[in-house]
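Descriptive analysis of the structure
The chain contents come next:
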Amino acid sequence: MAFETAISGLNAATTQLDIASNNIANVATTGFKQSRAEFADIYTGTNLGVSSLAVSRGVRTAAITQQFDQGNISSTNNNFDLAISGGGFFMLEDNGGRVYSRAGAFGVDRSGFVTNSAGQKLMAFKVDAAGAPAGAPVPLQIDTSDVAPNATSRVDVGINLRASAPVVNQTLTPFDPTVAASYTNSTSMTFYDSLGGAHDAVLYFVKTAPNTYQTYLRMDGKEVKPSGSGTIEFGTDGKIISPANGQIAYEPIEVPGAADMTLTLNYAGATPTTQYGDTYSVNALDQDGYTTGRLATISIDETGKVFARYTNGQSRLQGVVALANFANPQGLRQAGNNGWIETFSSGVPLVGTGGSARLGTISAGALEESNVNLTEELVKLIMAQRNFQANAQVIKTEDSVTQTLMNMR
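Everything numeric in this text was worked out from a predicted model, so none of it was measured.

1. Here we look at the sheet that holds strand β18 (residues 247-249)
Sheet architecture is open: 4 strands sit in the order β18-β19-β11-β20, paired in mixed fashion. In this open sheet, the two strands that pair with only one neighbour each are β18 and β20 (281-287). Looking at each pair of strands side by side, their axes are set apart by 20 degrees on average, direction ignored. Across 3 bridges, β18 lies against strand β19 (residues 264-266) in antiparallel orientation. What sits directly across from A249, in β19, is T264.

2. Focus on unusual backbone geometry
For residues other than glycine, phi is negative in most cases, and the peptide bonds are mostly trans. Looking along the chain, the bond that leaves S242 and enters P243 is cis, with omega of 0 degrees. Mapped onto the fold, P243 is located in the loop between β17 (240-242) and β18. Positive phi, normally seen in glycine, also occurs at N95, with a value near 50 degrees. Take N95: it is sitting in the loop between β5 (89-94) and β6 (97-101). The phi torsion at N337 lies on the positive side, around 55 degrees, for a residue other than glycine. By secondary structure assignment, the location of N337 is in the loop between β25 (333-336) and β26 (339-341).

3. Here's the deal with the nonpolar core
Ranked by size, the top nonpolar core spans 25 residues in total, and within it F191, L203, L217, Y250, L265 and Y267 carry the most contacts. For this core, the secondary structure elements donating two or more residues are β11 (154-160), β12 (185-192), β13 (198-209), β14 (212-219) and β16 (231-234). Those residues in contact with Y267, other than ones at most four positions away along the chain, are V157, L203, F205, T215, I232, I240, G246, I248, P272 and T273. Counting 23 residues, the second-largest nonpolar core is a separate cluster that includes Y290, I298, L323 and L359.

4. Concerning the pairing of β16
Burial along β16 is one-sided: I232 and F234 are buried, and none of T231 and E233, which face the opposite way, are. Across 3 bridges, the pairing between β14 and β16 is antiparallel. From the neighbouring strand, Y213 faces β16, where its bridge partner is I232. Connecting the antiparallel pair β16 and β17 is a turn made up of 5 residues, with G238 showing a positive phi of about 85 degrees.

5. Structural notes on the pattern of salt bridges
Opposite charge on two side chains allows them to pair when their charged atoms are near. In the structure shown here, the tally under the stated rule is 7 salt bridges. In this structure, D156 and R154 form a salt bridge, with 3.7 Å as the shortest nitrogen-oxygen distance. Judged by its relative accessible area of 35%, R154 is partly exposed. For K380, the salt bridge identified is with E376, shortest N-O distance 3.3 Å. Linking K380 with E376, this pair stays in helix α2 (residues 374-406), spanning 4 residues, or about one helical turn. Look at the salt bridges and you will find they share partners, linking K33, R102 and E368 into a network.

6. Regarding the environment of V157
Within the secondary structure, V157 sits in strand β11. Beyond its immediate sequence surroundings of up to four residues, V157 is in contact with L203, L265, N266, Y267, T271, P272, T273, A284 and L285.

7. Some words on the pairing of β25
Here β25 runs beside β26; their pairing, made up of 3 bridges, is antiparallel. Bridging across to β26, G336 finds its partner in G339. Linkage of β25 to β26, two consecutive antiparallel strands, is achieved through a turn of 2 residues, within which N337 is found at a positive phi near 55 degrees.

8. Focus: the side chain of D193
Relative to the helices and strands, D193 resides in the loop between β12 and β13. Buried charged residue D193 carries no salt bridge. Nearest counter-charge: K222, at 12 Å. A polar side-chain atom of D193 sits 2.8 Å from the main-chain amide nitrogen of G197. At 2.8 Å, the side chain of D193 forms a polar contact with the side chain of H199. In contact with D193, other than residues within four places in its own chain, are N150, A151, H199, V255, A258 and M261.

Scoring rules and cut-offs
Residues numbered from 1 in each chain as written. Predicted model: local features only at pLDDT ≥ 70, side-chain atom pairs only at ≥ 80, totals over all residues. Heavy atoms only, no water. Pairing = 2+ DSSP bridges. Helix = DSSP H or I, 4+ residues; strand = E, 2+ residues; numbered from the N terminus. Axes fitted to C-alpha atoms, helices over the stretch in contact; angles between N-to-C directions. Core = buried A, V, L, I, M, F, W, Y, C linked by side-chain atoms within 4.5 Å. Buried < 20%, exposed > 50% of the residue type's maximum accessible area, 1.4 Å probe, protein only. Contact = heavy atoms within 4.5 Å. Salt bridge = Lys/Arg side-chain N within 4 Å of Asp/Glu carboxyl O. Lys, Arg positive; Asp, Glu negative; His and termini not counted. Polar contact = N/O pair within 3.5 Å; in protein donor to acceptor, adjacent residues only side chain to side chain.

See the structure below:
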């Protein structure tokens, strides 16, 4: 009986050694979660018919569980490196199957899919017109195509025209863009046509009467005529009273090879044009046109929104990284390559985005380190070694006792 008990102890110590050595081997493995052996004693039958004297049969390995506590997060120089701070797993597609992982070392393959070193594809939600996650998660594919240009059609102009500026006598000094004395102020901007071509434009202001300015717009050195009056009038409070909507529309502008441009200058935007006693200042010139844009960089926020940013200053939301959590993460089955597979014990995946429900936030340009405590594992290694030696000594002692019995005459 002592032989059996000691052998079970040797097996338990060997299991403990295996687990400690595996933890130590993966101390530098991204997203690795350490394992822990849980042992239980064995009792079978009774001794001499006395029910309170159960016979010990040694020890058995009751379970080997994963410890899903948070690992340290370290920064990297790769925008596609992702780390989860809190609960949850990345969802990965593996040849049609589903794998869950805490290892976020990703890159982009030749088809634009975001994958890890094993070729497993990161799953993400597509987004609707409002930028909200929609539908079921699909493999995240980065759109590397250029952004098409957008012709300028609306410009928000926010300028303060100095109230004490002198009136320009247009009879004596008619407007001439080459004569500085013929206009009060000017500012330049850039417009874009339907092909993305840039056009230099200059906006002139001529004070023709108290609180009244005539505007002139020239693009590529040619006058652009307003479809109505180009006059702006201010009230005694310095705010625009005419035109009533604060907008001046212009006649279509012919651009060789491109569509005609139709412009509206809005002087009543978020930063409106005013006439105060302060100095002349250009506070806002915002327009809705832009040239062709090439993909410059990818950024991912803490909720998992993946933005593609382009050389023309535009950005596109490519998708939202999907995270999953489980009612019982301990029930997941290890699948290798830092991944786990759903089982009946784990429950179904609870899928969402970073920062929602029980899901943690996402850190881009960072990786979660292994949660193995090396010092602790070395101590466990020593304890396992002692346990093994002690059980081996039991076998040696039992063998000695057995030999003594056999040598009796």
